[in-house]
Amino acid sequence: MTASRIALVTGANQGLGRALVEGLAARMQPDDLVLLTGRNPQRVSEAAREVAQLPGTRARVEGRVLDVTDTGAIGRLADELSAQHGGLDVVISNAVARVLPEESQAARADEFIDVSNTATHAILRSFGPILRPGGRLLVVASSLGTLGHLDPRLHDLFDGADLEQVENAVESWRTAIHNRTAEEAGWPRWLNVPSKVAQVAAVRAVAAERRERDLADDTLIASVCPGMVGTATSRPWFSDYSHAQSPSDAARAVLDLVFTEHIDPALHGELIRFGKPLPWHDGTPPVEQDRMLTP
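This one's a predicted model, so the numbers in the text were calculated from it and none came from an experiment.

Asks: Tell me about the layout of surface pockets, and please be specific about residues and values.
Replies: Taken as a whole, the second largest pocket holds about 240 Å³ of empty space. Lining the second largest pocket are 13 residues; nearest its centre among them are Ala106, Ile177, Ala182, Glu183 and Arg189. Counting only elements with at least two residues in the lining of the second largest pocket, the list comes to helix 6 (163-178) and helix 7 (182-185). Tallying contributions element by element places helix 7 first for the lining of the second largest pocket, with three residues.

This is how it looks when you write it as structure tokens:
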């Protein structure tokens, strides 16, 4: 990456996103800029100020208000940063909608899909073209994003799909939820599974289109699984939290990808956990979670 690097993290007010901003600001140089984004202006401002004042911070840190459910706002921010800086070097998409086990998955579906999927598609479309050579565009997903976690009837919707086909699959899933035909078609009640699979499929689609030129200049587009993280979003879903990482610990492997000078070509477009790609076709449908959910 060149001097005066620009990094952006979405969903960065707290938890893993905040830890990623802190890690970027500590590892980057004084003339670099880290942009911390979120949708609440006060929280964004406070978080940016707090990170900027940490003893280990080296780079400049600024806040930007961004509601990732507003795809137009994502495009406008990309245009603004492209005009001001000529592109970005690091983009980490981390926003997530928090859903509790006792809440109705169907009732929360639109918000969850808009934050996790529609926003991911917009970030890939808007920031992918302005990623500088040698840059990193990472989408935070999870190991649930491997195809095998879905009913086999749904595999063809995502396997080998381009970005438009992934978008269409997500919208067909949304429609099925509202029409109450989703479970009959094989969609799990737990929103997290198809959402993560779709995130990974979208990344794979974009990465496949640009693989040759990305490998030539050491650019990485990938999804990342940080492992179990001890946050308010994930904690209600697990009875055993003995192996959970702190946000700072979980951020470390993601940041290592950002700062690795030469990326293994086998990682491009893949779902990466602790530096290794997870097989796309692995996994089994997690029926246990479906039994514990509110319809």
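There is more to say, and it comes next.
Asks: Let's hear about the nonpolar core: which residues, and what values?
Replies: Core analysis: the largest hydrophobic core is formed by 62 residues, its most contacted members being Phe127 and Phe158. With ten residues, the top contributor of residues to this core is helix 8 (residues 192-216). Setting aside residues up to four positions removed in sequence, phenylalanine 127 forms contacts with Leu8, Ile74, Leu77, Ala78, Leu81, Leu88, Val91, Ala122 and Leu137. One finds Val44, Val51, Leu255 and Leu267 within the second-largest nonpolar core, a separate group that totals 35 residues.

Asks: Please set out helix 2 (residues 41-52) residue by residue, giving values where relevant.
Replies: Here helix 2 contains twelve residues, and its C-alpha end-to-end distance of 17 Å stays within 8% of the 16 Å for a straight helix at 1.5 Å per residue. Taken together, the buried positions of helix 2 are occupied by Val44, Ala47, Ala48 and Val51. Seen along its axis, helix 2 keeps its buried residues to an arc of 100 degrees; they face one direction. Elements in contact with the buried residues of helix 2: helix 1 (15-27), strand 2 (33-38) and strand 3 (60-65). The N-capping residue of helix 2, defined by a side-chain oxygen 3.0 Å from the backbone nitrogen of glutamine 42, is asparagine 40.

Asks: Would you mind going over empty space enclosed by the protein in detail, with residue names and values included?
Replies: Counted according to the given criterion, the structure contains one cavity of 30 Å³ or more. Quantified by volume, the largest cavity comes out at close to 40 Å³. In terms of lining, the largest cavity is formed by Val224, Cys225, Pro226, Ala253, Val254, Leu257, Ile272, Arg273, Phe274 and Gly275. Per-element accounting of the lining of the largest cavity gives the leading share, three residues, to helix 9 (residues 247-259). A per-class count over the lining of the largest cavity returns eight nonpolar, one polar and one charged.

Asks: Now, about the packing of helix 4 (residues 109-127) against helix 6: what can you tell me, with residues and values included?
Replies: Two elements in contact, helix 4 and helix 6, have axes whose closest approach is 11 Å; the angle formed by their N-to-C orientations is 170 degrees. The orientation of helix 4 with respect to helix 6, classified from their angle, is roughly antiparallel. Across the interface between the two elements, Ala109, Asp110, Ile113, Asp114, Asn117, Thr118, His121 and Arg125 of helix 4 pack against Leu163, Glu164, Val166, Glu167, Val170, Glu171, Trp173, Arg174, Ile177 and His178 of helix 6. Classifying every residue of the contact of helix 4 with helix 6 gives seven nonpolar, four polar and seven charged.

Rules of the game
Residues numbered from 1 in each chain as written. Predicted model: local features only at pLDDT ≥ 70, side-chain atom pairs only at ≥ 80, totals over all residues. Heavy atoms only, no water. 1 Å grid on protein atoms, 1.4 Å probe; cavity = no way out; pocket = protein on both sides within 12 Å on 5 of 7 lines; lining within 4 Å. Points joined across faces, edges and corners; volume = space filled by probe spheres on them. Helix = DSSP H or I, 4+ residues; strand = E, 2+ residues; numbered from the N terminus. Core = buried A, V, L, I, M, F, W, Y, C linked by side-chain atoms within 4.5 Å. Buried < 20%, exposed > 50% of the residue type's maximum accessible area, 1.4 Å probe, protein only. Contact = heavy atoms within 4.5 Å. Expected span 1.5 Å × (residues − 1). Arc of directions from axis to C-beta. Polar contact = N/O pair within 3.5 Å; in protein donor to acceptor, adjacent residues only side chain to side chain. Nonpolar A, V, L, I, M, F, W, Y, C, P; charged D, E, K, R; others polar. Axes fitted to C-alpha atoms, helices over the stretch in contact; angles between N-to-C directions. Parallel < 35°, antiparallel > 145°, perpendicular 65-115°, else oblique.

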